[in-house]
Amino acid sequence: MFGRISIFYRSRKWAGAGFSAQRVDTSGRVTAFLLFFIGIFAALAQANSQTLFPGTTWTDQNGVNIQGHGGNIIQVGSVFYWFGENKINENSSKDPFQSVRCYSSADLIHWQFVSDALRRRANGDLGPHRIVERPKVLYNVLTRQYVMYMHIDNEHYSLGKVGVATSPTVAGPYKYSGSFYPLGLQSWDMNLFQDDNGVAYLLTHAGDQHLHVDQLSADYLKVVKPVAALTPDYEAPAMFKLNGCYYIFGSELTGWSANDNKYAMAKNIAGPWSKWNLFAPEGSETFDSQASSILRITGSQGTSIVYMGDRWNASDLGASTYVWLPLSVLQADHWMGTNLWLLGYTNSWNLDVRTGLWSGNGTAPADPPPRPSIAIDKPALADGSESGHPANAANDENIMSRWCARDGQTNHWWKVDLGHIYPHLNGSEVYWQAKGAYQYRIDVSSDNQNWKTVVDKTMNSVAAGLMDDHFSGSGRFVRITVTGLPPGLWASFYEFRVF
């Protein structure tokens, strides 16, 4: 379905400094000359102003709220183009397709309305009583065409198709070529991803309750093969790649309500993919936003990764605002509790597209980097392990590995030798293979013979991928025993961390 939220924050209008000389004063060249320099000075003022204001009202050069909802940004030369849904005068119960709008900017701060790149028609997929959402655009260097994908649906959201349009110019108009079911499956929220080698992929929340990654044809006009299928079937997918690692984002299916968006990562786009992880504080509902796209900005001094989210106003969709925040990318391939983290919610932050660097106006990340585990790479042992999933895979901080018991029975245990007695143990984290109500007990020992129970969750009913337990104890050995399992699952976890 379609997750949306309604939150209100302080408004601040962003003025564009557009200049259009369609009329010339009959007194002649003096007026034109003055207008020219006014335009130059306005452009310079824009270039020097590089502050973003998340969650506020952003307007174009005409003072109209920017309609870039559910969209994406591509860069052509030194100019950025933003595509999105036009939701003016719409609400959550009435949002028929009007147009896909295109805006341009040189700094990602000041935006000029360029065109309605895709317009409503009298009938068909783009006609009355139709839904057109999440427009995404890529450039195909082989065909020299800009290719737009979008979610096509009826007013009841029971159709679930993908539409395609093309244009030889970035701002359109785009020629609509029809819709289809990717690999025969219904599709709702979707996105596009273009790899370094030019191969493109469709990301889609599909009808088989998976989040699919499907490869597109060389001309980007159709799906040619499935690549990966992740569960749960999160919506609002987005993806980026950095240092050879792929990151995919998704939002839980909570209708118009906010939720904590998650991400997973992989060294190969086909997987294996890590478990889903938070990238904003738990309970913050991703700072009251839903993922739209991830924007990678490379300049003369570095690369910044910007999370683009929609803050939906269900009663007035056209007034919905945008939450853009920089993502801090920690060490790839290592767990560290999380590998991505958003800058803590702030009323403003700075971005320089020329250097590719951002600064947070003194605002630190929302939470400090996760505490290092004292169990990292210490000797680990289990009462039995499935082939390929040994005990030491559960405390190596590697997001691609896990320990799994030898069978699907209960009361399997895993333990770690910390090397010496720690007098002030104060907690642990266990990242289960799946989100479910695992039941377990944690014991500590100084001699590997006499054990004291410090955590008793043998009656646990909370279904969670991550369990964070606080306790007070001392010991050299820490052991977890899995006493109960969710249906169909084995005792298995990616990481067991001790503090």
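Since this is a predicted model, take the numbers as computed values, not measurements. (Residues numbered from 1 in each chain as written. Predicted model: local features only at pLDDT ≥ 70, side-chain atom pairs only at ≥ 80, totals over all residues. Heavy atoms only, no water.)

Participant: Looking at this model, I keep getting lost on the sheet that holds strand S2 (residues 69-76). Mind explaining?
Facilitator: Strand pairing in a sheet relies on backbone hydrogen bonds. The paired strands run either parallel or antiparallel. Spatial ordering of the open sheet is given by S2-S3-S4-S5, a layout of four strands whose pairing is antiparallel. Strand pairing shows two members of the sheet lacking a second neighbour, S2 and strand S5 (112-119), which therefore form its edges. The sheet shows a mean angle of 25° between the axes of neighbouring strands, taken without regard to direction. Relative to S5, strand S4 (residues 99-105) runs antiparallel, the two being bridged by six bridges. Each residue of the ladder has a partner; that of Tyr103, found in S5, is Phe113. (Pairing = 2+ DSSP bridges. Helix = DSSP H or I, 4+ residues; strand = E, 2+ residues; numbered from the N terminus. Axes fitted to C-alpha atoms, helices over the stretch in contact; angles between N-to-C directions.)

Participant: What is the right way to read the confidence of the model for the chain from this model?
Facilitator: For residues with low pLDDT, the predicted coordinates do not support detailed interpretation. The predicted model of the chain averages 86 in pLDDT, with 86% of residues at 70 or higher. Considering only residues more than four positions removed or in separate chains, one finds that residues 1-49, a stretch of pLDDT under 50, has 91 contacts. (pLDDT = per-residue confidence, 0-100. Contact = heavy atoms within 4.5 Å.)

Participant: What am I meant to see in the pattern of salt bridges here?
Facilitator: Pairs may arise between side chains of opposite charge once their charged atoms sit close together. Counted by the stated rule, this structure contains 17 salt bridges. Across the pair Arg476 and Asp417 runs a salt bridge whose closest N-O atoms are separated by 2.7 Å. Within this pair, whereas Arg476 is found in strand S29 (residues 464-484), its partner Asp417 is found in strand S26 (residues 412-436), the two being separated by 59 residues in sequence. Note that Asp469 and Lys457 form a salt bridge whose closest N and O atoms lie 2.5 Å from each other. Linking Asp469 in strand S29 with Lys457 in strand S28 (residues 451-457), this pair joins segments that are twelve residues apart in sequence. Accessibility expressed as a relative area gives 23% for Lys457, which makes it partly exposed. Through salt bridges with shared partners, a single ionic network connects Glu85, Lys87, Glu90 and Asp95. (Salt bridge = Lys/Arg side-chain N within 4 Å of Asp/Glu carboxyl O. Buried < 20%, exposed > 50% of the residue type's maximum accessible area, 1.4 Å probe, protein only.)

Participant: Any chance you could explain the environment of Thr51 here in plain terms?
Facilitator: Mapping Thr51 onto the fold places it in strand S1 (residues 51-52). In this structure, the C-alpha to C-alpha distance between Thr51 and Ser348, residues 297 residues apart in sequence, is 6.4 Å. A distance of 2.8 Å separates a polar atom in the side chain of Thr51 from a polar atom in the side chain of Asn350. (Polar contact = N/O pair within 3.5 Å; in protein donor to acceptor, adjacent residues only side chain to side chain.)

Participant: Whenever I open this one, the nonpolar core confuses me. Can you help?
Facilitator: General note: in soluble globular proteins, nonpolar side chains tend to be found buried as a group. One finds Trp82, Phe249, Trp324 and Leu327 to be the most contacted residues of the largest nonpolar core, which totals 40 residues. The element that contributes the greatest number of residues to this core is strand S20 (residues 321-329), accounting for five residues. Discounting residues that sit within four places of it in the chain, Leu327 has contacts with Phe240, Phe249, Phe279, Ile294, Ile305, Tyr307, Leu340, Trp341 and Leu342. Counting residues in each nonpolar core, the second largest holds 28 residues, with Ala394, Phe471, Phe493 and Val498 among its members. (Core = buried A, V, L, I, M, F, W, Y, C linked by side-chain atoms within 4.5 Å.)

Participant: Whenever I open this one, the pairing of strand S22 (residues 349-352) confuses me. Can you help?
Facilitator: Note on strand geometry: in a regular strand, side chains alternate between the two faces of the sheet. Summarising the sheet, S1 and S22 pair through two bridges and their orientation is antiparallel. From the neighbouring strand, Thr51 faces S22, where its bridge partner is Asn350. Where S22 lies against strand S23 (residues 357-359), three bridges are found, and the strand directions are antiparallel. Looking across to S23, one finds that Leu351 is bridged to Trp358.

Participant: Looking at this model, I keep getting lost on the pairing of strand S11 (residues 200-206). Mind explaining?
Facilitator: For S11, the tally of buried residues reaches seven of seven residues, placing the bulk of the element in the interior. On S11, burial covers both faces: Ala200, Leu202, Thr204 and Ala206 on one face and Tyr201, Leu203 and His205 on the other are all buried. As defined by bridge partners, strand S10 (residues 187-194) adjoins S11 across six bridges and the pair is classed as antiparallel. By the bridge assignment for S11, Phe193 is matched with Tyr201. Hairpin connection between S10 and S11: a loop of five residues separates the two successive antiparallel strands, and Gly198 in this loop has a positive phi of roughly 90°. Bridge analysis of S11 against strand S12 (residues 211-216) gives five bridges, and the strand direction is antiparallel. Along S12, the bridge assignment pairs Leu203 with Val213.

Participant: Explain the sheet that holds strand S9 (residues 175-180) here, please?
Facilitator: Sheet architecture is open: four strands sit in the order S6-S7-S8-S9, paired in antiparallel fashion. Single-partner strands in this sheet number two, and they are strand S6 (130-140) and S9. Averaged over all adjacent pairs, the angle separating strand axes in this sheet is 25°, with direction ignored. Two elements, S6 and strand S7 (residues 145-154), share nine bridges in a ladder whose sense is antiparallel. Bridging across to S7, Tyr139 finds its partner in Tyr146.

Participant: Would you mind going over the environment of Met400 with me for this structure?
Facilitator: For Met400, the position within the fold is in the loop between strand S24 (380-382) and strand S25 (403-404). On the basis of relative accessibility, which here comes to 28%, the residue Met400 falls in the partly exposed class. Once the C-alpha coordinates of Met400 and Ala266 are considered, the two residues, 134 residues apart in sequence, prove to be 7.6 Å apart. Aside from chain neighbours lying at most four places away, what touches Met400 is Met265, Ala266, Lys267 and Pro272.

Participant: Whenever I open this one, the packing of aromatic side chains confuses me. Can you help?
Facilitator: Aromatic ring pairs are described here by two measures, namely the spacing of the ring centres and the angle between the planes. Counted by the stated rule, this structure contains 30 aromatic pairs. Ring plane angle 40° and centroid distance 5.4 Å describe the contact between Trp58 and Tyr322, whose orientation is recorded as tilted. Highlighted residues: Trp58 in the loop between S1 and S2 and Tyr322 in strand S20, separated in sequence by 264 residues. Take Trp58 and Tyr322: they sit in the same class, and that class is buried. A centroid spacing of 5.5 Å and a plane angle of 55° characterise the contact between Trp432 and Tyr440, whose relative ring orientation is tilted. Take Trp432 and Tyr440: they sit in the same class, and that class is buried. Residue placement shows Lys161 over the ring face of Tyr181; its charged tip is 5.2 Å from the ring centre. Across the ring face of Trp451, the terminal group of Arg479 is positioned such that the distance to the ring centre comes to 4.1 Å. (Phe/Tyr/Trp six-rings, centres within 6.5 Å; stacked < 30°, edge-to-face > 60°. Lys NZ or Arg CZ within 6 Å of the ring centre and 35° of its normal.)

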